[in-house]
Amino acid sequence: MNTKSSTRSRPRRLATAFALAAVLVAPVVVTTAVASAATTLTVSQALATQDGRTATVTGYVIGQPTSNTTVLRSGFTSDTAIAIADTAAETSASRMLYVQVTAAYRSTFGLLTNPGLRGQRVTATGTLTAYFSHGGLKNPTAMTLDGGGGTPSPTQSPTPGPTPTSPGGGYDSTYYASAIGKTGPALRSSLHSIIKVHTKLSYDQVWEALRDTDQDPANTNNVILLYTGRSQSKTSNGGGVDDWNREHVWAKSHGDFGTATGPGTDVHHLRPTDVSVNSTRGNKDFDNGGSPVAEAPGCYTDADSWEPRNAVKGDVARMIMYMAIRYEGTDGWPNLEMNQSVNNGTAPYHGRMSVLLQWNQLDPPDAFEKRRNQRIYERWQGNRNPFVDHPEWATAIWG
């Protein structure tokens, strides 16, 4: 009788033990899930974790994905998706996460409605699963600007790099890593490799880019004209008297590249200028001296040269230097270079180099020029003018 009683009670004890174990284990599962949801991932981590889990990811907006290999960086066609990456200058779609933008978020995060979102840092929470047959994040439950969900967990320690001159860090610390410590031809070669890969704009897109890059900090409806310093309505562009147009600081005839996509549309040397002042400058090289230009106080010109006002002398020099480094004759465009001539005509040269080097030192980068460089990097081309970030590199290359 005692044996039968003992046998009957064993299932009850086992059931009780299993129930107690379940109670003890359950909190561990819940805790793990909460910790996972709270972790903010980098884009590379999110691409490696496409398993349907819910996660928060932070990255820079690159553009609008339209296929598993194509991401529009301008001319956006819808508000339904964005592609983000770990750096604002990313060019490979394989390193981008495609984020679905549902109706609740389109007014703020759709690129057709908000083209200026390109280059900004976004944090999104949603399901890590394929989108456009590509690594993605779907059905977002939260989206914020400026990395509001936290800082991504790094996959490795960053490579030491230079301290950027732009306020607040401006660009990834590894951007110039391969150039650090170099001088002369080695520095030149490294900088060319860094800046040569960028989004190329059409000549029509340059209008919109200049409205952003050259915006008057005191009046967001206006742009600042390069040679006159005048603040003028963004919409008063064209070919009429006192309109503003697109000035090629490296004169487009110096190498005969015109306005075709490439050096002719590179916003790093295109600036808004008064139509008639642009015409007066023409394709002249840069040098000191000449007669005052009535429409552009502080500017001087003669038969073969142009001297800009003091406030932008360094800007002009650094734009010319950028062009000489970016276009080395390796991608179908002329090999552009500075020289000592002021009669370069259609040759792919621009002078006078010694004067440009002086201007670079006399007029260091100011807040307007730094903002412009950052804007081009974040929103338009994905590359930088290294001489705005490091004006001392001009001497390290050209002496």
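For the structure itself, look to the data block above.
Since we're looking at a predicted model, the values are computed, not measured.

Chemist: Whenever I open this one, the sheet that holds strand S10 (residues 231-233) confuses me. Can you help?
Modeler: Pairing between sheet strands relies on hydrogen bonds along the backbone, with the strands arranged either parallel or antiparallel. Sheet architecture is open: three strands sit in the order S8-S9-S10, paired in antiparallel fashion. Two strands lie at the open edges of the sheet, namely strand S8 (215-216) and S10, each paired on one side alone. Sheet topology note: the strand S9 (residues 219-224)/S10 ladder contains three bridges and is antiparallel. The partner of Ile224 across the bridge, within S10, is Ser231.

Chemist: What is the right way to read the sheet that holds strand S15 (residues 300-301) from this model?
Modeler: If you walk across this open sheet you meet the four strands as S13-S16-S15-S14, and the pairing is mixed. Since the sheet does not close on itself, it has two edges, and those belong to strand S13 (285-286) and strand S14 (291-292), each with one partner. When S14 meets S15, the two strands line up antiparallel, connected through two bridges. Note on S15: the bridge partner recorded for Ser291 is Thr301.

Chemist: What should I look at first to understand the pattern of salt bridges in this one?
Modeler: Oppositely charged side chains can pair when the atoms bearing their charge come close. Inspection of the entire model under this criterion finds 17 salt bridges. Between Arg230 and Asp274 there is a salt bridge, with the nearest N and O atoms lying 2.8 Å from each other. Taken as a pair, Arg230 in the loop between S9 and S10 and Asp274 in strand S12 (residues 270-274) lie far apart in primary sequence, 44 residues in all. Judged by its relative accessible area of 29%, Arg230 is partly exposed. Note on Asp274: relative accessible area 1%, which makes it buried. Shared partners join several salt bridges into a network, and the residues in it are Asp212, Arg371, Arg375 and Arg379.

Chemist: What should I look at first to understand the environment of Arg73 in this one?
Modeler: Along the chain, Arg73 falls in the loop between strand S3 (71-72) and strand S4 (81-85). Residue classification places Arg73 among the buried positions, given a relative accessible area of 16%. Residues Arg73 and Gly119 lie 46 residues apart in sequence; the distance between their C-alpha atoms is 9.9 Å. Contacts of Arg73, omitting those with residues within four sequence positions, involve Ile62, Glu90, Thr91, Met96, Arg118 and Thr199. In terms of polar contacts, Arg73 uses its side chain to reach the side chain of Thr199, at 3.2 Å.

About the criteria used
Residues numbered from 1 in each chain as written. Predicted model: local features only at pLDDT ≥ 70, side-chain atom pairs only at ≥ 80, totals over all residues. Heavy atoms only, no water. Pairing = 2+ DSSP bridges. Helix = DSSP H or I, 4+ residues; strand = E, 2+ residues; numbered from the N terminus. Salt bridge = Lys/Arg side-chain N within 4 Å of Asp/Glu carboxyl O. Buried < 20%, exposed > 50% of the residue type's maximum accessible area, 1.4 Å probe, protein only. Contact = heavy atoms within 4.5 Å. Polar contact = N/O pair within 3.5 Å; in protein donor to acceptor, adjacent residues only side chain to side chain.

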